[in-house]
Amino acid sequence: MTGTVTHDPPPGGHRPGAPLIVTEDTALLDDLLRLCAAAGATPEVHHGLPGPRGSWEAAPLVLVGDDAARRARGAPRRQGVVLVGRDQDDPGVWRRAVEIGADHVLMLPDGEQWLVDRIADVAEGVGRPALTVGVIGGRGGAGASTLACALAVTSAREGRRTLLVDADPLGGGLDVALGGETAEGLRWPAFASSHGRVGGGALEESLPELHALRVLSWDRGDCLSVPPRAVRAVLAAARRGGGAVVVDLPRRVDQGVAEVLAQLDLALLVVPAELRAVAAAGRVASAVGMVLRDLRVAVRGPYAPGLDDREVARLLGLPLVGDVPVEPVLQGPYAGRPPGATGRGPLARFCREFWERALTEARTA
C-alpha cells in the first residue's frame with residue numbers, strides 16, 4: 001500500500017547518491033536494507049535525525065521508519081521523504097507523515113516493489129526520460145527499418161545517448177543491417193525471463209555497441225517473442241537513461257508490441273506514395289492507433305500520379321512529418337555504412353530536422 005501526501009516541493013530535483021534510512025526498528029531496517037540491495041543501492045543508516053547540514057538535506061531519498069517519525073518532526077522540509085511502516089490500520093500514520101513533510105506513506109510488505117523502483121531511480125540518478133520514437137511501415141518494404149537506423153545513427157552522431165530497439169522478430173535483426181551480427185552483447189531472448197525492474201545502466205552496458213549507439217536486436221535463434229512483462233521492463237529501463245530511443249516496429253500489434261507502443265512518445269508511419277500503400281497504411285494506422293497516442297506520417301517517393309505528401313497525409317488523417325528522401329546507395333545492403341552515417345545527404349538532413357523539431361516539442365510540452 002502506498003499513498004501520497006501533498007505539499008509544496010522545494011525547487012530543484014533529486015541528486016544521485018545513497019538513500020538515507022532513519023529507524024531504530026531492527027526488523028524494519030533489515031527489510032529496508034534488503035530492498036536497497038535489490039535496487040543496487042547502498043544506503044546510509046541513522047537511528048536518529050542526522051546533524052545539521054548533513055545527509056538529511058543531501059540524500060536523494062529519505063526513508064523514515066514510523067518508529068522514528070516523532071524524532072524527525074524538527075527536520076527541514078524537503079522533497080523525497082517516505083514514511084515507512086507496517087500497520088495498515090493505523091489512522092495516525094497520515095498525521096505523522098504530514099508532521100515530517102513526507103511525500104508518501106508506504107506500508108510493507110505491500111509496497112515493496114514500488115519502493116525498490118523508487119530507490120533504483122535515485123541510485124541511477126534518473127532525470128528526463130528518453131524521447132522514444134517508433135518507426136513503422138505502412139506496407140512491407142516501405143523503408144521503416146532504414147529510417148529507424150538513420151534516425152538512431154543521426155542522434156548518436158550528434159552526441160546524444162541513443163538506443164536502437166528492434167521490435168520485429170521476423171525482420172532478420174537490425175544488428176545484421178548495421179553490420180554487427182557478430183558483435184558481443186545480449187539480444188532479446190536473453191531478457192525473456194525479466195520481470196519487475198531492469199537496471200538502465202546494466203541494460204545499456206549489456207547491449208552491442210554499433211556506430212556509437214547501443215542496439216537491442218533479435219538473434220537468429222528460434223525465439224520469436226518475449227513475455228509482455230519483459231518487454232515492459234526492458235523498454236522502461238531503456239527510457240530511464242535519457243537521450244533518445246528509436247524503435248523499429250512490426251506491422252502487427254500483439255501484446256508485446258502493445259507494451260512498446262504504450263511507451264512511445266510518438267511514431268512515424270512510413271508510407272510509399274502509391275494508392276495501395278496508402279490503403280494498407282490506413283489499416284496499420286487503425287491498429288496501432290488504439291494504443292499509440294501520437295502517430296504521424298512520413299511519405300516516401302516516387303509519387304504516383306495525383307499524389308503528394310500532403311494528399312497522403314490527408315487521406316490517412318494524420319499529421320505530416322515530411323517527405324523521406326530516397327538515397328540510391330541504400331537500395332542494397334548497408335555494407336558497413338548505415339544510413340545517415342556520413343551526416344551528409346538528404347536523408348541525414350531529414351533526420352537532423354526531425355530531431356530538432358521533436359526535441360523542441362518535448363522540451364516545451
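Worth saying up front: this structure is predicted, and the values here are computed from it rather than measured.

S.K.: What should I look at first to understand the overall build of the protein chain in this one?
M.R.: Broken down by element type, the protein chain carries twelve helices and 14 strands. Seen through its principal axes, the protein chain has C-alpha atoms that stretch 75 × 40 × 35 Å. Within the protein chain, residue pairs in contact and separated by at least 24 positions form 71% of the contacts whose partners lie at least 6 positions apart. When the accessible surface of the protein chain is totalled, it reaches about 16,600 Å², and 51% of it is carbon and sulfur. Between the centroid of the 40 positive side chains of the protein chain and the centroid of its 44 negative side chains there is a distance of 5 Å.

S.K.: Can you help me understand the environment of E311 in this one?
M.R.: Relative to the helices and strands, E311 resides in helix α11 (residues 309-316). For E311, a relative accessible area of 24% puts it in the partly exposed group. Spatially, the C-alpha atom of E311 lies 13 Å from that of A277, the residues being 34 residues apart in sequence. At 2.7 Å, the side chain of E311 forms a polar contact with the side chain of R314.

S.K.: Would you mind going over the confidence of the model for the protein chain with me for this structure?
M.R.: In low-pLDDT segments, the atomic positions of the prediction should not be examined closely. In the predicted model, the protein chain carries a mean pLDDT of 88, and the fraction of residues at 70 or more is 91%. Taking the mean pLDDT of every element in the protein chain, the minimum, 43, falls on strand β1 (residues 2-4) and the maximum, 98, on strand β11 (residues 244-248). The low-confidence segment residues 1-16 (pLDDT under 50) makes 44 contacts with residues lying over four places distant or belonging to another chain. Note that residues 329-333 has pLDDT below 50 and, in this model, five contacts with residues that lie over four places away or in other chains.

S.K.: Honestly, the packing of aromatic side chains in this entry has me stumped. Any pointers?
M.R.: Each aromatic ring pair is specified by the distance between its two centres and by the angle formed by the two planes. One pass over the full model with this rule turns up two aromatic pairs. Sitting above the plane of the W355 ring, R160 keeps its charged end 5.6 Å from the centroid.

S.K.: Would you mind going over helix α8 (residues 228-240) with me for this structure?
M.R.: Quick reminder: α-helices carry 3.6 residues per turn. Residues three or four places apart thus point the same way. Over its 13 residues, α8 runs 18 Å from end to end, which matches the ideal 18 Å to within 8%, given 1.5 Å per residue. For α8, every residue scored as buried is listed here: A230, V231, A233, V234, L235, A237, A238, R239 and R240.

S.K.: Help me understand the pairing of strand β10 (residues 213-216), please; the structure alone is not making it clear to me.
M.R.: Every other side chain in a regular strand lies on the same face of the sheet, so the side chains alternate between the two faces. Of the two faces of β10, the one holding L213 and V215 and the one holding R214 and L216 are both buried throughout. Two strands pair when backbone bridges link them, and strand β8 (residues 162-166) and β10 are joined in this way by three bridges, in the parallel orientation. The residue bridging L163 from the neighbouring strand is R214, located in β10. Here two bridges tie strand β9 (residues 209-210) to β10, and the two strands are oriented antiparallel to one another. Bridge pairing in β10 places L210 opposite L213. Where β9 folds back onto β10 in an antiparallel hairpin, the turn is made up of two residues, including H211, whose phi is positive at roughly 55 degrees.

S.K.: Please explain the sheet that holds strand β12 (residues 266-272) as it appears in this structure.
M.R.: Sheets are built from strands that pair by backbone hydrogen bonding, the pairs being arranged parallel or antiparallel. With mixed pairing, eight strands are arranged side by side in an open sheet as β9-β10-β8-β11-β7-β12-β13-β14. Of all the strands in the sheet, the pair left with one neighbour each is β9 and β14 (320-324). Where strand β7 (residues 131-137) lies against β12, five bridges are found, and the strand directions are parallel. Within the sheet, the bridge partner assigned to G134 lies in β12 and is A267. Running at roughly 145 degrees to β11, α8 makes contact with β7, β8, β10 and β11 of the sheet. Packed on one face of the sheet, helix α12 (residues 346-364) meets β7, β11, β12, β13 (295-300) and β14 and runs near 165 degrees to β14.

S.K.: What should I look at first to understand helix α1 (residues 26-38) in this one?
M.R.: Compared with an ideal rise of 1.5 Å per residue, which puts 13 residues at 18 Å, α1 spans 18 Å between its outermost C-alpha atoms and is within 8% of the ideal. Among the residues of α1, those classed as buried are L28, L29, D31, L32, L35 and C36. The buried residues of α1 occupy one face: seen down the axis, they fall within an arc of 160 degrees. Opposite the packed face of α1, turned more than 90 degrees from it, sit the exposed residues T26, A37 and A38. For α1, the secondary structure elements touched by its buried residues are β2 (20-22), β3 (44-46), β4 (62-65), β5 (81-85) and α4 (112-124). Two or three places before A27, at the opening of α1, D25 has a side-chain oxygen 3.1 Å from that residue's backbone nitrogen.

S.K.: Even after reading the chapter, I still don't get the side chain of S206, so can you show me in this structure?
M.R.: If you trace the backbone, S206 turns up in helix α7 (residues 200-206). The residues touching S206, leaving out its near neighbours within four places in the chain, are G185, L186 and F191.

S.K.: What should I look at first to understand a nonpolar patch on the surface in this one?
M.R.: On the surface, a cluster of nonpolar side chains totalling about 270 Å² of accessible area is made up of V253, M290 and V291. Along the chain, M290 falls in the loop between α10 (275-289) and β13.

Reading guide: rules and limits
- Chains are numbered independently. Their residues run from 1 in the order of the written sequence.
- Residues qualify for local features only when their pLDDT is at least 70, as the model is predicted, and side-chain atom pairs are given and counted only at 80 or more; totals for whole chains, interfaces and linings, by contrast, use all residues.
- The basis for the side-chain values is all heavy atoms of the structure; hydrogens and waters are excluded.
- A helix here means a DSSP run of H or I that spans at least four residues, while a strand means a run of E at least two residues long, and both kinds are numbered starting from the N terminus.
- The contact rule is simple, with two residues in contact once any of their heavy atoms fall within 4.5 Å.
- Surface accessibility follows the Shrake-Rupley procedure with a 1.4 Å probe radius. Residue values consider only the protein chains on display as shielding.
- In this tally, Lys and Arg are treated as positive and Asp and Glu as negative; His is ignored, and so are the chain termini.
- For the purpose of locating charges, the reference atoms are NZ of Lys, CZ of Arg, CG of Asp and CD of Glu.
- The cut-offs for exposure are 20% and 50% of the maximum accessible area for each residue type, with area from a 1.4 Å probe on protein chains only; residues under the lower value are buried, those over the upper are exposed, and the others partly exposed.
- What qualifies as a polar contact is a pair of N or O atoms within 3.5 Å, subject to a donor-acceptor requirement within protein and to the restriction that residues adjacent in sequence count only when both atoms come from side chains.
- pLDDT is a per-residue confidence score from the predictor, ranging from 0 to 100.
- Pairing of aromatic side chains requires ring centres within 6.5 Å, counting the rings of Phe and Tyr and the six-membered ring of Trp. Pairs whose planes differ by under 30 degrees are stacked, by over 60 edge-to-face, and all others tilted.
- Whether a charge lies above a ring is judged from NZ of Lys or CZ of Arg, which has to be within 6 Å of the ring centre and within 35 degrees of the ring normal.
- By this rule the span expected of a helix is its residue count minus one, scaled by 1.5 Å.
- Each pair of strands is called paired provided DSSP finds at least two bridges between the two strands.
- Between N-to-C directions, angles span 0 to 180 degrees; the directions come from axes that are lines fitted to C-alpha atoms, helices contributing only their stretch in contact.
- Starting at the helix axis, one direction is taken to each C-beta atom, and the arc is that of these directions.
- Residues forming no salt bridge and having over 30% relative accessible area are the ones grouped into patches, like charges within 9 Å of each other and nonpolar side chains (Val, Leu, Ile, Met, Phe, Trp, Tyr) within 5 Å.
- Every case where a carboxyl oxygen of Asp or Glu lies within 4 Å of a side-chain nitrogen of Lys or Arg is listed as a salt bridge.

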